[in-house]
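# Observations on chain architecture
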Amino acid sequence: MSRRRPNRSARVIPTVMAGMIGWLGVVPADAAEIGFNRVNLGWAKPAERSRVIDAMKRSGVVSVRLSLSAPVDPSLDAVRLAHEAGLRILLEISLSNRAFYPEATERRSAEGKSFDAYRLSDLDPEGYRKVIRDALAKLDDIGVRLVAVEPGNEINWAGYNGDLAFGAGKASDPAKVALGLDRYVDIVRVTREELDTSKLNREAKLISAGLSDMPVPFSRRIGLEIVPAADWTARMQERGLDKLVDAYGIHVYPGGTGTKTRREALVREALSFCGPEAAGKPCWITEWGVANTSPACPIEDDKRAAQVNQLRSIIDADIETGRVEAAYYFDWDSETPYSVWRCGGLSSAGRAAVRPVAD
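Definitions and cut-offs
Residues numbered from 1 in each chain as written. Predicted model: local features only at pLDDT ≥ 70, side-chain atom pairs only at ≥ 80, totals over all residues. Heavy atoms only, no water. Core = buried A, V, L, I, M, F, W, Y, C linked by side-chain atoms within 4.5 Å. Buried < 20%, exposed > 50% of the residue type's maximum accessible area, 1.4 Å probe, protein only. Helix = DSSP H or I, 4+ residues; strand = E, 2+ residues; numbered from the N terminus. Axes fitted to C-alpha atoms, helices over the stretch in contact; angles between N-to-C directions. Left-handed = near helix turned anticlockwise from the far one by under 90°. Contact = heavy atoms within 4.5 Å. Nonpolar A, V, L, I, M, F, W, Y, C, P; charged D, E, K, R; others polar. Disulfide = S-S within 2.5 Å. Salt bridge = Lys/Arg side-chain N within 4 Å of Asp/Glu carboxyl O.

To continue, consider the nonpolar core. By size, the foremost hydrophobic cluster in this structure holds 96 residues, and its most contacted members are L146, W232, W288 and W332. Broken down by element, the residue count for this core peaks at eight residues, all from helix α5 (residues 174–197). With eight residues, the next largest nonpolar core counts A148, I207, A247 and W284 among its residues.

Turning our eyes to something else, we now look at the packing of helix α2 (residues 46–58) against helix α3 (residues 72–84). Axis separation between α2 and α3 bottoms out at 10 Å; the angle between their running directions is 35°. With respect to the hand of their crossing, α2 and α3 are arranged in right-handed fashion. On the side of α2, the interface is formed by R49, S50 and I53, while α3 contributes P74, D77, A78, L81 and A82. Within the contact of α2 with α3, the residues separate by chemical class into five nonpolar, one polar and two charged.

This next bit is on the state of the cysteines. Evaluation of the coordinates by the stated rule reveals two disulfides. A sulfur-sulfur distance of 2.1 Å marks the disulfide that ties C274 to C283. Its S-S torsion of about -90° marks the bond between C274 and C283 as left-handed, since a negative value means left-handed. An identical accessibility class is assigned to C274 and C283; each is buried. The residue that forms a disulfide with C297 is C343, at a sulfur-sulfur distance of 2.0 Å.

Attention shifts here to unusual backbone geometry. Geometrically, the link from A70 to P71 is a cis peptide bond, its omega value of -5° lying close to zero. For P71, the location among the structural elements is in the loop between β2 (63–68) and α3. A cis geometry characterises the amide bond from F330 onward to D331, with omega recorded as 0°. The phi dihedral of A104 is positive, around 75°, even though this residue is not glycine. Here A104 shows up in the loop between β3 (88–93) and α4 (125–142). Judged by relative accessible area, A104 falls into the exposed class, the value being 73%. At E154, a position not held by glycine, the phi torsion is positive, near 50°. Within the fold, E154 resides in the loop between β4 (148–151) and α5. Here E154 falls in the buried class, since its relative accessible area comes to 10%.

Let's shift gears to the pattern of salt bridges. A full pass over the atoms with the stated rule returns 28 salt bridges. Here D182 and R239 are joined by a salt bridge, their closest N and O atoms 2.6 Å apart. Of this pair, D182 sits in helix α5 while R239 is found in the loop between α7 (229–238) and β6 (248–252), placing the two residues 57 residues apart along the sequence. Look at D182 and you get partly exposed, because its relative accessible area is 31%. Shared partners join several salt bridges into a network, and the residues in it are E126, R129, R133, E193 and E194.

Here you go:
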């Protein structure tokens with residue numbers, strides 16, 4: 001979801017300057033998408049959807065990451081509300097939609113310790129196509145132009161990918177993981193094809209699923225397998241990902257403890273595979289955040305605000321060099337320690353997240 005007050009993305013850059021910046025290989029800060037997450041807003045009641053979008057608009061939010069989750073029509077209504085409020089929309093396509101899988105497909109159980117997740121290897125690209133084609137047609141009918149589309153979420157982690165192992169000491173089946181990667185790139189290709197036939201969204205950017213940055217040692221301790229984002233991206237590249245997407249999705253959660261130096265190192269590690277210096281594409285940070293676990297009102301958020309400002313300075317520098325093109329803070333108002341809409345207003349950390357990219 002967007003957190004910036006001026007609509008920097010919509011600013012017009014003089015033609016000569018734009019050409020010069022492009023020649024230098026640098027993406028102007030004004031071209032970056034800065035926003036907030038408000039995932040699964042379609043699950044809220046209509047009045048609550050309106051309240052959330054209105055609060056975001058009044059708080060200076062410009063861009064928002066919303067979900068296309070089942071049921072689809074309420075999700076599209078949330079998109080409509082955001083569009084009518086003038087917000088720019090990154091649409092994340094949740095792969096937990098049963099319609100994306102053959103009948104009788106079951107999720108892999110996590111025995112209550114995480115999400116029960118579908119296996120990517122069970123994806124049905126044509127079932128996926130039917131849903132996406134219908135959704136894009138409905139968006140065309142109501143006049144919605146999307147900024148970008150992001151199929152999937154944290155598919156390199158067992159919490160969202162049932163092909164990856166769950167349970168201490170368990171190992172995944174390499175053949176199943178490979179098939180899941182094939183199926184995922186297939187649905188990215190389908191997304192590209194369906195966007196190309198859309199009336200209004202042919203120019204929407206296509207972003208690969210935001211990948212988890214969870215440290216491997218931690219994932220092993222909790223018994224949920226993760227493949228590092230750089231490794232997972234390389235495997236997708238081998239399957240032709242770079243011919244389909246405009247950018248790679250990545251999530252960045254460096255934690256609120258430890259030193260500033262340690263947090264910066266964790267962010268740098270998470271973004272290590274992002275272009276343009278390395279071969280490949282730039283990154284869209286489709287989730288990033290810092291927790292504040294206190295539920296007290298009024299909220300004391302200055303410590304978190306300082307950490308958000310530190311992370312924003314790192315992200316802003318990568319925006320200036322073109323390695324990063326977007327950053328969506330997680331999250332707006334859900335009942336998690338990461339939310340910034342607290343006690344009836346936007347916290348100081350939220351205001352730090354919504355600020356424009358420094359020139």
